[in-house]
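Below, each chain spelled out in residue letters.
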Amino acid sequence: MAFFFRNKTVNELRKKWGLTTKELAMRVKVENIDILNIDAYKIKDVPEPLKTKILPILNGDDLDKIPWL
């Protein structure tokens, strides 16, 4: 999986893709406050149910599913 992302914070990776907390929350289908709570955490420290939801988005793996690319 994304072992080189483990020591980066959610904020760094979110900004790399140009996502706001609200946009990331909409893509993951959670509340905005949940993203704000974990924004300063490193990826390895994010609780597991939420980590499995946001990791593909922050890795860019969700872009593979777009048919026009």
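Above this text sits the structure in question.
Residues numbered from 1 in each chain as written. Predicted model: local features only at pLDDT ≥ 70, side-chain atom pairs only at ≥ 80, totals over all residues. Heavy atoms only, no water.

K.L.:
I'd like a rundown of the overall build of the protein, residues and numbers included.
P.N.:
Per the secondary structure count, the protein includes four helices and zero strands. Reading the secondary structure of the protein in the N-to-C direction produces α-α-α-α. Residues counted as buried form 35% of the 69 residues belonging to the protein. Here the analysis covers contacts within the protein between residues at least 6 apart in sequence; of these, 58% occur between residues at least 24 apart. (Helix = DSSP H or I, 4+ residues; strand = E, 2+ residues; numbered from the N terminus. Buried < 20%, exposed > 50% of the residue type's maximum accessible area, 1.4 Å probe, protein only. Contact = heavy atoms within 4.5 Å.)

K.L.:
Requested: an account of the packing of helix α2 (residues 21-28) against helix α4 (residues 48-59), with residues and values cited.
P.N.:
At a minimum axis distance of 10 Å, the contact between α2 and α4 shows a crossing angle of 115°. With respect to α4, the element α2 is oriented roughly perpendicular. Between α2 and α4 lies a crossing whose hand is right-handed. In this structure, α2 uses L24, R27 and V28 to contact α4, whose residues at the interface are L50, K53, I54, I57 and L58. The class makeup of the residues in the contact of α2 with α4 is six nonpolar, no polar and two charged. (Axes fitted to C-alpha atoms, helices over the stretch in contact; angles between N-to-C directions. Parallel < 35°, antiparallel > 145°, perpendicular 65-115°, else oblique. Left-handed = near helix turned anticlockwise from the far one by under 90°. Nonpolar A, V, L, I, M, F, W, Y, C, P; charged D, E, K, R; others polar.)

Interpretation note: all reported values are geometric properties and have no functional meaning in isolation.
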